[in-house]
Amino acid sequence: MGTPSPRAVLVLTAALAGLLAPRAAYGQPNFIVILADDVGWGDLGANWAETKETPHLDELAAEGTRFVDFHSAASTCSPSRASLLTGRLGVRNGVTHNFAVTSVGGLPLNETTLAEVLQEAGYSTGAIGKWHLGHHGHHHPSFRGFDYYFGIPYSHDMGCTDTPGYNLPPCPPCPRNGAAARIARKDCYTEVALPLFENITIVQQPVNLSSLAARYAEEAARFIRQASNSGRPFFLYLALAHMHVPLGVPSPPPASGRGIYGAALSEMDALVGWIKRVADSHGKGNTLLWFAGDNGPWAQKCELAGRLGPFVGAWQRQRGGSSAKQTTWEGGHRVPALVYWPGRIPAKRTSHALLSTLDIFPTLVALAGVALPPNRRFDGLDVSPVLFGWSDVGHKVLLHPNSGAAGKDGEIETLRLAQYKAFYTTGGAMACDGSIGPAEHHQPPLIFNLDRDIQEQEPLDLASREYQAVLPAISRAYAQALEDIATDNVSVADYSKDPAATPCCNAQHVACRCQAPGSHAAVLDPRTERRATRLCL
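What comes next is a walk through the structure. Nothing here was measured: the structure is a model prediction, and the numbers come from that model.

## What about the environment of lysine 325?
By secondary structure assignment, the location of lysine 325 is in the loop between helix H8 (314–317) and helix H9 (330–333). Overall, the relative accessible area of 5% leaves lysine 325 in the buried class. Here the alpha-carbon distance between lysine 325 and serine 75, two residues 250 residues apart in the chain, equals 5.4 Å. Aside from chain neighbours lying at most four places away, what touches lysine 325 is Asp38, Ser75, Thr76, Cys77, His244, Asn295, Gly296, Pro297, Trp298, Gly331, Gly332 and Ala429.

Take a look at the structure:
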């Protein structure tokens, strides 16, 4: 190559300065990532006109940018969260399906989390809410880069409570008699009460679901205030219990609107609005807030599941089963997403860029001005040019792994290339009617043109010119993706189980219930406890 001209150097320097301006001009920004659970794309009023319960989220959309082609990295809990916090798909980071109450392992310890990178860069880091990436030993969030943790170690239907809320089927409360026989109920976890942690201490077991949202809001606000007063930038990862069942709403449930689900959606909306107001009151203009869903609605919960919007997966529905959570149909992984940063991210903007929760890791790392961890490949992109409105181009190719509906857990079954979506395996998760769509393998793949067929109803005719024109590019992209994964530094998660790994405040009680307000909270390891022990209620 020849020596660049002085003019070319000046142009390149100016361009780089423009790219770095959002960080350099204002220092390291604060980050708040709010992850909603089992929320539907159509649960956001800004996305779907029929939804009326989200005025605060709709305001957030109006004051920031709304992403309408945004996807979770997997369509079930643990893999989705692992990918958000590592920027890597489950076939790379090792987390391909959910961890259990008795899981010994978690997100592999050789994987670097977003919190660890930002903590090393001088950030105060906090995680509030659901973890579900391992709770035993050093898999606990307190050892994965978070200075502060307050929340539950897995989904809140994975343990009994005294306030069981609304679920299908209904689940019983925890037994109160320490000698009571254990109750077995289909689809209900009743043996061990759901624990609430502050750092590595169980502060309540069973947790009070009726007040959990308020406690999350209180702890999140306290973390933001303390971090702001410290003068250090902060990263808050707020993983909500909403909209996963059981849904906790005032009793009796509302009779109008969307009933129980609508009331819970309103509560989530109010919580997000409160966090936005707190963040604005502590340095408005220097805090990026990113709201997204972890996967689509859990359809088998019927009226307690969210709205898919137009992404109904009609081809699968015709064959039985759900096309939402756990599947690679659009309803399983296309989720609502909003980004708000006053004065930096354009307001009243809708982006059609193909983005993913995988992009959160590399984008925030870049905005913080630090490098990505070495010796591994990332599936996410630094999409800050898209956030700032300089571009509307995201992924050229996006991969979707099986999350429990059909085939091997974590296997790449579906590929998106521009407007085309190719299925090498299809299958439906359990639907409201109890049906499950059978696994079907497709070679050559089913291909849908989402620009014309957002409902995924009619795949392209194999003999059509359009199919024959796009198939070679899809086949090349799929082969290159599999080769890239096969030659990467990949991790393997430990999915072994041991009852001794169960979080338990009082092993003498059948439900691990703390005996009395005067008993001490259970500490996982006293040598590492940094905060004063609080009472287990």
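## Here we look at the layout of surface pockets
Roughly 610 Å³ of volume is contained in the largest pocket. Taken together, 29 residues line the largest pocket, and the ones lying closest to its centre are Thr76, Asn98, Tyr189, Trp298 and Gln326. For the lining of the largest pocket, the residue count by class is 11 nonpolar, 12 polar and six charged.

## Observations regarding the packing of helix H6 (residues 209–230) against helix H7 (residues 259–281)
For the pair H6 and H7, interaxial distance at closest approach is 10 Å and the crossing angle is 10°. On the basis of their axis angle, the class for H6 and H7 is roughly parallel. You can see that H6 and H7 cross each other, and the crossing is right-handed. Side by side, H6 and H7 meet where Ala213, Ala217, Ala220, Ala221 and Ile224 of the first sit next to Glu267, Leu271, Trp274, Ile275, Val278 and Ala279 of the second. Here the residues of the contact of H6 with H7 are counted per class, giving 10 nonpolar, no polar and one charged.

## Topic: empty space enclosed by the protein
All told, the structure shown has eight cavities of 30 Å³ or more when counted by the stated rule. Roughly 180 Å³ of volume is contained in the largest cavity. Around the largest cavity, the lining comprises 16 residues; the ones closest to its centre are Leu209, Ala241, His242, Gly248 and Glu267. Here the lining of the largest cavity gets five residues from one element, more than from any other, and that element is H6. Here the residues of the lining of the largest cavity are counted per class, giving 10 nonpolar, five polar and one charged. Taken as a whole, the second largest cavity holds about 100 Å³ of empty space. Lining the second largest cavity are 13 residues, and of these Gly159, Cys160, Pro164, Cys171 and Pro246 lie nearest its centre.

## Notes on the packing of helix H2 (residues 55–63) against H7
Interaxial distance between H2 and H7 falls to 7 Å at its minimum, and their mutual angle equals 45°. As far as their axial angle goes, H7 and H2 are oblique. Between H2 and H7, the residues in contact are Pro55, His56, Leu57, Glu59, Leu60 and Glu63 and Met268, Asp269, Ala270, Val272, Gly273, Lys276 and Arg277, respectively. Of the residues that constitute the contact of H2 with H7, the class distribution is six nonpolar, two polar and five charged.

## Digging into the packing of aromatic side chains
To describe a pair of aromatic rings, one takes the distance between the centres and the angle between the planes. For the structure on display, the rule yields 17 aromatic pairs. Members of the aromatic cluster, joined through ring pairs, are Trp131, Phe146, Phe235 and Tyr237. The ring of tyrosine 148 carries arginine 222 above its face, with NZ or CZ at 4.8 Å from the centroid. The ring of tryptophan 298 carries lysine 301 above its face, with NZ or CZ at 4.7 Å from the centroid.

The rules we used
Residues numbered from 1 in each chain as written. Predicted model: local features only at pLDDT ≥ 70, side-chain atom pairs only at ≥ 80, totals over all residues. Heavy atoms only, no water. Helix = DSSP H or I, 4+ residues; strand = E, 2+ residues; numbered from the N terminus. Buried < 20%, exposed > 50% of the residue type's maximum accessible area, 1.4 Å probe, protein only. Contact = heavy atoms within 4.5 Å. 1 Å grid on protein atoms, 1.4 Å probe; cavity = no way out; pocket = protein on both sides within 12 Å on 5 of 7 lines; lining within 4 Å. Points joined across faces, edges and corners; volume = space filled by probe spheres on them. Nonpolar A, V, L, I, M, F, W, Y, C, P; charged D, E, K, R; others polar. Axes fitted to C-alpha atoms, helices over the stretch in contact; angles between N-to-C directions. Parallel < 35°, antiparallel > 145°, perpendicular 65-115°, else oblique. Left-handed = near helix turned anticlockwise from the far one by under 90°. Phe/Tyr/Trp six-rings, centres within 6.5 Å; stacked < 30°, edge-to-face > 60°. Lys NZ or Arg CZ within 6 Å of the ring centre and 35° of its normal.

Geometric values such as these leave the question of function open.
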